[in-house]
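Structural description and commentary
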Amino acid sequence: MNVKSVLKNIKDIDKKIYMIMKNGIKFSFVFCLIAVFILAIYCGSSIPSTYNIGVSLFKSSLFFLISFVICGYAFNNIIKTR
C-alpha cells in the first residue's frame, strides 16, 4: 500500500465515520489545550503534581487523537469490504 492509495481512501471515508472522527479530533484537541494550560500553570507555580497531571493529560489526548484516526480508517475499510 502506497501513500497515494492511503490518501485516496481517506478522501473516500463514509460521512458518518467522518463525523465521528471529526468530533473525536475536536475532543482530543480541547483535551490537549487543557493539558497545555495545566502545564503553563506549572511554569508559574512549580508544583510537581501539576506537572504530572499536565503530562498525563497531554499523553492521553494524543492517544485519543491517534485512536480516533486509526479506528475511523479501519472501520471505513471494514464497511467498504462488506
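Residues numbered from 1 in each chain as written. Predicted model: local features only at pLDDT ≥ 70, side-chain atom pairs only at ≥ 80, totals over all residues. Heavy atoms only, no water.

**Some words on the overall build of the protein chain**
Note the following rule: Only runs of H or I of at least four residues qualify as helices and only runs of E of at least two qualify as strands under DSSP, and these elements are numbered from the N terminus. Within these notes, the globule rule equals 2.2 Å times the number of residues to the 0.38 power, and the radius of gyration is based on C-alpha atoms. A simple rule labels every residue: compare its accessible area, found with a 1.4 Å probe on the protein chains alone, to the largest value its type can have, and call it buried under 20%, exposed over 50%, or partly exposed in between. Pairs of residues are marked as contacts when any of their non-hydrogen atoms sit within 4.5 Å. Areas reported here follow the Shrake-Rupley algorithm with a probe of radius 1.4 Å; residue values treat only the protein chains shown as occluding.
Broken down by element type, the protein chain carries 3 helices and 0 strands. Shown N-terminal to C-terminal, the secondary structure of the protein chain runs as helices and strands in the order α-α-α. Radius of gyration (C-alpha) of the protein chain: 17 Å, far over the 12 Å computed for a compact globule of 82 residues. Reported as C-alpha extents along the three principal axes, the dimensions of the protein chain are approximately 55 × 25 × 15 Å. Taken across its 82 residues, the protein chain has 20% of its residues classed as buried. Looking at the protein chain alone, contacts between residues at least 24 apart form 67% of all its contacts between residues at least 6 apart. In the form shown here, the protein chain has an accessible surface area of approximately 6300 Å², with 74% of it arising from carbon and sulfur atoms.

**Let's talk about the side chain of S61**
This is how it is decided: Two N or O atoms count as a polar contact when they lie within 3.5 Å, although within protein this holds only if one can serve as hydrogen donor and the other as acceptor, and sequence-adjacent residues are included solely when both atoms are side-chain atoms.
Along the polypeptide, S61 turns up in helix 3 (residues 48-81). Here the side chain of S61 touches F58 through a polar contact of 2.8 Å, landing on its backbone oxygen. For S61, the contacting residues outside a window of four places in its chain are S28, F31 and C32.

**Brief notes about the packing of helix 1 (residues 3-11) against helix 3**
For the record, the criterion: Simply put, an axis is a line fit to the C-alpha atoms, just over the touching stretch for a helix, and the angle between two N-to-C directions goes from 0 to 180 degrees. For classification, angles of less than 35 degrees are called roughly parallel, those exceeding 145 degrees roughly antiparallel, those between 65 and 115 degrees roughly perpendicular, and all remaining angles oblique. The nonpolar class holds Ala, Val, Leu, Ile, Met, Phe, Trp, Tyr, Cys and Pro. Asp, Glu, Lys and Arg form the charged class, and all remaining residues, Gly among them, are polar.
For the pair helix 1 and helix 3, the least separation of the axes is 10 Å and the interaxial angle reads 80°. As summarised for this structure, helix 1 and helix 3 are arranged roughly perpendicular, according to the angle between their axes. Counted together, V6, N9 and I10 of helix 1 and Y73, N76, N77 and K80 of helix 3 form the full contact between these two elements. Residue classes in the contact of helix 1 with helix 3 are distributed as 3 nonpolar, 3 polar and 1 charged.

From the geometry alone we can't say anything about function, so treat these as descriptive.
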